[in-house]
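Descriptive structure summary
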Amino acid sequence: MMHSFFRRLLAVAVVLLLSQFTPVWAAATLRYTLAMPAPQTHYFEVEMALAGFSKQFTDVKMPVWAPGSYLVREFAKGVEGLTAKAGSETLRTEKVAKNTWRIYHPKARDFTVSYRVYAFELSVRTSFLDAAHGYVNGTSVFMYPADEVKLPSTLTVQPAPGWAQVSTSLKPVPGGAPFTFRSASYDELADSPIEIGNQKILSFEANGTPHTVAMFGTVQYDEARLLRDMKEVCEEAHRVVGQNPLDRYLFIIHNIDRGTGGLEHLFSTTLSVSRNSYSSEAGWKGFLGLVAHEYFHLWNVKRIRPVALGPFDYDTENYTRMLWVSEGGTEYFSNLIVQRAGFLTPDAYLADLSNGIGRVENTPGNKLQSAAESSFDAWIKYYRPNENSANTGISYYDKGEVIGAVLDLMVINATNGDKRLDDVMRYLYAQYYQKLGRGFTDAEYQDAVAKVAGRRFDDFFRNHVYGTQTLDYGTALGYAGLKLTSTPVTTDAVLGANVSPAGGKYTVSSVVRDGSAWQGGLSVGDEILALNGTRVTDDPNKALVGAPVGAQVAMLVNRDGQIKEVTIPLVAGTTQRYRIERLPNPTEQQQRVLNKWLPVTKQRGRSL
C-alpha cells in the first residue's frame, strides 16, 4: 500500500500536470465586439463578453481621460443603454460612480455587457462616427473590468455597410475572423486608435520597420513626396535615441477643414491636418513638424517617461511636473529632426526658435508660472484656457522647447561638443525603459543630464524650470557663436487689449497684464462705443496707432447693459521681436558647438 507521503506527493504532481491543461472557463477572458449599424446616428454599439468571473458582482469602468491629453473629459457621459445578460437571463445593473457600472451575476461566471456610445467629436482625443467614417480613441469607447486592466482581450470590428477598411496598430488574431484583433491588456487596447471606413492606405519602410498611413478625407497632395518626406523624418527621429522599439507603426491622418494637432500612441499616432496644408511650403513644413512631434513621442512619453505617465490610473488625474520635457522637449526635438532631415536650413531653424523665444518672453504669465508648475496644472489650466490665461500662465510646450534649446547648448559646451541632449535621451531609454522598466523621477532626470554633461546644473533647474527667472539666452547662444537681439514691436502707446468685432460690436476679448487697458479698468466683455467722444466704427487699436505714451483716452463702454466712461492712461507696449544672429568671428570652440547643435545637412527637395 502506498505511503501517505507518496500519495500526497503524487496528488501535487497531478495538480501541477493538470494546471498545464486548465479548461477555458477557469481563467477570465474578455471579448469586445464593436458595431456601427447606423453610422449617421453617431452611435457605436459595444458588446463585452466576460467569461470566468467568479465573484458575486463585477464592476466595469469607462476611463475619464485619454493618455496624452491631460484633461478629465468624463467619457462616461457618452454611454447609453447599458444592459447585461447571462445567456437569456437579464442581469441587474447599477451605476455606482460617475464612470462605474456594477453587474450582479451571483450564479453566472460568464455574461455579456452591452451599451451604446454617442461619438460626434472629431478630435485626436475623442471618438467620432458619421456616414463618412468612424474613429475610435479607446478610452472613450471601451470599458474594462475593474482591477483587470492587465487582462488580455480580443476585439472584432464590424464596419458599417459599404465600409471596407479597418486601420489600427492592434495585431490581428491569427486565423481569426476578418477585422478581429488582440491586445495584451486594456492599456494596449486603449492606446491603439482605430480608423474605420474607406480610407486610402499608403505605406513606406523606415529603419527596417513597415509604416502604414491611413488617409481619411478628400485632399490633393503629392503622394510620392508625402511618403518620401515622412520616411526621411521618421528615419531622422530614429537617430536621436538610436534604438528601434517598433515592429510596425500606423499614422491615421484626418484631413479636415481645420486641423487640431496630433496625439501619440505606443505603435501609432493620429494627426488632424488642415486640407490646405499640403499646398504651400509653410503648410508642408507644419505637416512635417507635426509628423516629427507625434512620431518622436514613441520614445519620449511612450517609453521614456516620467513615473506618473504609466501605468495609468484611468479614474483620475495623473500629475507630473515634467510635461515641459515630455511635450516641450518633444517639440524641441521635432524641430531639430526636421532641420537634420534637410527640410530646414540652420538659419531657418534659428528663425523658428527666435519666434519660440518671443512666444515665451511676450507672455506675461511666464513671469508668474514656472515650467514645472505649468506641467502640474495642465489638468486645470492648459486645456481650459480663458481670457486671462496669458496673464497667469505659460505653455509647457513653448517654455519646454526653449528650455530644451538652452540646456542642449549647455551640455554641448560642457562636453566640448562631444555630447548633447540626444545622449540624455539615450541614457534615459537604456536605464529606465530597458533596464528598470519604469519611468524616471524629476531628480533622476536632472541626474541623467549631469551624468551626460559631466557636471550638475542644479541652479539652472531651480531658477529656470522650477522658478520663473528669465533664461540666460545670451550665454547659451554665445556658446555657439550666436547672439539674441530684441527690438520693440512699437515704441508708441498701445491699448493692451484684444477687441472682437463680432456682430458689428467692438467687444474686449482679453486684456494684457499691466498694459493701458489693465491700468484703466477696461474689462473683458466691455463693448467699446466711443473713443474721445467719437463713435467707434473700427477696432480701437487702429485708432490709437501713433498715440503718445502718457496721454489719456476717454472711452465710453457698454458694460452689462449700462453705459460707463473709463479713462485709459496710455503706456508703451512691451512686446519684443526677437532674432538670433551669428557673431562675425566665432572661435573654434563656438564653431564646434554650433556644428554639433545644428549640423549642416543636404537640403531635400524644396527646403523650407
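A few points on the structure. Since the structure is predicted, the reported quantities are computational estimates derived from the model, not experimental observations.

1. Comments concerning empty space enclosed by the protein
- Throughout the structure, instances matching the rule amount to four cavities of 30 Å³ or more.
- Counted as a void, the largest cavity has a volume near 90 Å³.
- Lining the largest cavity are Asn300, Trp324, Val325, Gly329, Thr330, Phe333, Gly400, Gly404, Leu407, Leu421, Met425 and Tyr445.
- Mapped by element, the contributors of at least two residues to the lining of the largest cavity are α5 (323-340), α9 (396-414) and α10 (421-435).
- The element that contributes the greatest number of residues to the lining of the largest cavity is α5, accounting for five residues.
- Residues of the lining of the largest cavity, tallied by class, amount to seven nonpolar, five polar and no charged.
- Taken as a whole, the second largest cavity encloses approximately 60 Å³ of empty space.
- Lining the second largest cavity are Leu353, Ile357, Val402, Ala405, Val406, Leu409, Tyr473, Ala476, Leu477 and Trp597.
- Element by element, the count of residues in the lining of the second largest cavity is highest for α9, at four residues.

2. Concerning helix α16 (residues 588-597)
- Buried within α16 are the following residues: Gln590, Val593, Leu594 and Trp597. Angular distribution of buried residues about the axis of α16 spans 100°; they occupy a single face of the element.
- For α16, the elements touching its buried residues are α5, α6 (346-361), α9, α13 (473-478), β22 (482-488) and β31 (576-582).

3. Observations concerning the sheet that holds strand β11 (residues 144-145)
- Ordered in space as β6-β7-β3-β11, the four strands form an open sheet in which the pairing is antiparallel. Each end of this open sheet is capped by a strand with a single partner; those strands are β6 (92-97) and β11.
- Relative to strand β7 (residues 100-104), β6 runs antiparallel, the two sharing five bridges. The residue of β7 that forms the bridge with threonine 93 is isoleucine 103.

4. Section: the nonpolar core
- Ranked by internal contacts, the top residues of the largest apolar core, which has 101 residues, are Phe251, Ile253, Phe287, Trp324, Tyr445, Phe460 and Trp597.
- Among the elements that line this core, the one with the most residues is α9, at eleven residues.
- In this structure, Phe142, Leu151, Leu170 and Phe181 belong to the second largest nonpolar core, which totals 47 residues.

5. A look at the layout of surface pockets
- If you add up the space inside the largest pocket, you get close to 940 Å³.
- If you go around the largest pocket, you meet 41 residues; those closest to its centre are Asn362, Thr363, Pro364, Ala390 and Asn391.
- Elements with a minimum of two residues in the lining of the largest pocket: α8 (389-392), β25 (507-511) and β30 (571-572).
- Looking at the lining of the largest pocket element by element, the count peaks at four residues for α8.
- Class assignment for the residues of the lining of the largest pocket results in 13 nonpolar, 19 polar and nine charged.
- The computed volume of the second largest pocket comes to approximately 590 Å³.
- For the lining of the second largest pocket, the secondary-structure elements that each account for two or more residues are β20 (261-264), α4 (281-296), α5, α6 and α9.
- Looking at the lining of the second largest pocket residue by residue, the class counts come to seven nonpolar, 13 polar and ten charged.

6. Digging into the sheet that holds strand β5 (residues 89-90)
- The eight strands lie next to each other as β5-β4-β8-β2-β1-β12-β15-β14, forming an open sheet whose pairing is mixed. Each edge of the sheet is formed by a strand with only one pairing partner; in this case those strands are β5 and β14 (171-172).

Conventions adopted
Residues numbered from 1 in each chain as written. Predicted model: local features only at pLDDT ≥ 70, side-chain atom pairs only at ≥ 80, totals over all residues. Heavy atoms only, no water. 1 Å grid on protein atoms, 1.4 Å probe; cavity = no way out; pocket = protein on both sides within 12 Å on 5 of 7 lines; lining within 4 Å. Points joined across faces, edges and corners; volume = space filled by probe spheres on them. Helix = DSSP H or I, 4+ residues; strand = E, 2+ residues; numbered from the N terminus. Nonpolar A, V, L, I, M, F, W, Y, C, P; charged D, E, K, R; others polar. Buried < 20%, exposed > 50% of the residue type's maximum accessible area, 1.4 Å probe, protein only. Arc of directions from axis to C-beta. Contact = heavy atoms within 4.5 Å. Pairing = 2+ DSSP bridges. Core = buried A, V, L, I, M, F, W, Y, C linked by side-chain atoms within 4.5 Å.

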